[in-house]
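Here are the chains, one letter per residue:
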Amino acid sequence: MFLKRTAFLLILVSLVIIPAAAEQLDYFGVFNLGIDVFKMFMLGESGGMGAGATIDFNTGPLLWHGSAHVLLEMSDFTPGVEADLGVGFIVSGTYETAADYTQIIEISSWTVGDYRYSVSQRIDGKCWAAFFHVIEAGVKPHYVALEGDEFTDVIMYAGYRFASFYAAWLPMQEFEIALHGLLGTNGDEFYPGGELRLVWQAFNVGVGVYGEMFYFQLTIRTALTFM
């Protein structure tokens, strides 16, 4: 009953309160594809690593988010999966057709003794960009084997997200922050929590508390955005 009431309240807020307070914008399409080449996570006393992909795209004022990762638990390499499916309402946003961006790209490297040297190139340019303030909600089903016990919780989340998308490869200016409340269930048990996620260039870092467990994840990613 509590789960149904929570879901109903999230839908009510999304459909009534948030659209009434949102700015009227001329939305154009944004599609972001992220390849998560390496992901490391810790959940309670266990941890693991894996890889996967994420997508973000908008349909008018709705910003959709999805991800899927294959994971291996570190102690015995038991496989697991996690996914994320959410939608948010763009409360406010801005677009630029000539946003400034900077890229730092390593063009060569070499090692002498115990020292590694590298030469990088700085690239400055302009591209299309979008900046969104979003109120979002979603669900994250998890299946991970933790020290022989199956962790099969379904976690709902809701909160705030600021996302910036640049139509360029990993610009220095790309930044994202999200703050979510969590509510998970495993059978008849419910577990509250919260999480903070930061995205910058090739890094996606998340920290949080779920029930009595501390959660941490670090993802190395590469992203392509089309507008």
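Not measured: the values here are computed from a predicted model. (Residues numbered from 1 in each chain as written. Predicted model: local features only at pLDDT ≥ 70, side-chain atom pairs only at ≥ 80, totals over all residues. Heavy atoms only, no water.)

## Here we look at the overall build of the chain
Looking only at helices and strands, the chain features 1 helix and 11 strands. When its helices and strands are written in sequence order, the chain yields α-β-β-β-β-β-β-β-β-β-β-β. Every one of the 227 residues in the chain was classed for burial, and the buried ones make up 39%. At a minimum sequence separation of 6, the contacts of the chain that also span at least 24 residues come to 56%. Surface accessibility of the chain: about 12,300 Å² in total, with carbon and sulfur atoms responsible for 67%. (Helix = DSSP H or I, 4+ residues; strand = E, 2+ residues; numbered from the N terminus. Buried < 20%, exposed > 50% of the residue type's maximum accessible area, 1.4 Å probe, protein only. Contact = heavy atoms within 4.5 Å. Areas by Shrake-Rupley, 256 points an atom, 1.4 Å probe, with all protein chains shown as cover.)

## Overview of unusual backbone geometry
If you check the backbone angles, Leu170 has positive phi at about 45° while not being a glycine. Its location among the elements puts Leu170 in the loop between strand 7 (154–166) and strand 8 (175–186). Positive phi, normally seen in glycine, also occurs at Gln201, with a value near 50°. Along the polypeptide, Gln201 turns up in the loop between strand 9 (189–200) and strand 10 (203–210). The class of Gln201 is buried, set by a relative accessible area of 13%.

## With respect to the packing of aromatic side chains
Inspection of every chain in the model, using the stated rule, returns 6 aromatic pairs. Relative to Tyr117, the ring of Trp110 has its centre 6.0 Å away and its plane inclined at 20°; by these criteria the two rings are stacked. Note on Trp110: relative accessible area 41%, which makes it partly exposed. For Tyr117, a relative accessible area of 38% corresponds to the partly exposed category. By the ring-pair criterion, three or more aromatic residues cluster together here, those being Tyr95, Phe132 and Phe165. (Phe/Tyr/Trp six-rings, centres within 6.5 Å; stacked < 30°, edge-to-face > 60°.)

## Observations regarding the side chain of Lys140
Along the chain, Lys140 falls in strand 5 (residues 115–146). Relative accessible area serves as the criterion here: at 11%, Lys140 is assigned to the buried category. A polar contact is formed between the side chain of Lys140 and the side chain of Glu195, at a distance of 3.0 Å. Those residues in contact with Lys140 that sit more than four places away from it in its chain are Ala83, Asp84, Asp153, Val154, Ile155, Tyr157 and Glu195. (Polar contact = N/O pair within 3.5 Å; in protein donor to acceptor, adjacent residues only side chain to side chain.)

## Observations regarding a nonpolar patch on the surface
Residues Ile104, Met172, Phe175, Leu179, Leu196, Leu198, Trp200, Phe203, Val207, Val209 and Phe214 make up a contiguous nonpolar surface patch of roughly 920 Å² in combined accessible area. Elements that contribute at least two residues to the nonpolar patch include exactly strand 8, strand 9 and strand 10. Its location among the elements puts Phe203 in strand 10. Residue classification places Phe203 among the partly exposed positions, given a relative accessible area of 38%. (Patch = residues over 30% accessible without salt bridge, like charges linked within 9 Å, V, L, I, M, F, W, Y side chains within 5 Å. Salt bridge = Lys/Arg side-chain N within 4 Å of Asp/Glu carboxyl O.)

## So, the environment of Gln103
Summarising the element assignment, Gln103 is placed in strand 4 (residues 79–112). Taking the C-alpha atoms as reference, Gln103 lies 8.9 Å from Gln173; in sequence the two are 70 residues apart. A distance of 2.5 Å separates a polar atom in the side chain of Gln103 from the backbone oxygen of Trp169.

## Brief notes about the pattern of salt bridges
Inspection of every chain in the model, using the stated rule, returns 9 salt bridges. Glu82 is the salt-bridge partner of Lys39, the closest N and O atoms lying 2.1 Å from each other. In this pair, Lys39 sits in strand 1 (residues 31–43) while Glu82 sits in strand 4, placing the two residues 43 residues apart along the sequence. By relative accessible area, which is 6% here, Lys39 ends up buried. Of the residues examined, Glu82 reaches a relative accessible area of 10% and is grouped as buried. Across the salt bridge formed by Asp56 and Arg161, the nearest N and O atoms sit 3.0 Å from each other. Residue Asp56 is located in strand 2 (residues 46–59), and its partner Arg161 is located in strand 7; the two are separated by 105 residues in the primary sequence. Assigned by exposure class, Asp56 and Arg161 land together as buried. Connected through salt bridges with shared partners, the residues Asp56, Glu136, Arg161, Glu176 and Arg197 form a single ionic network.

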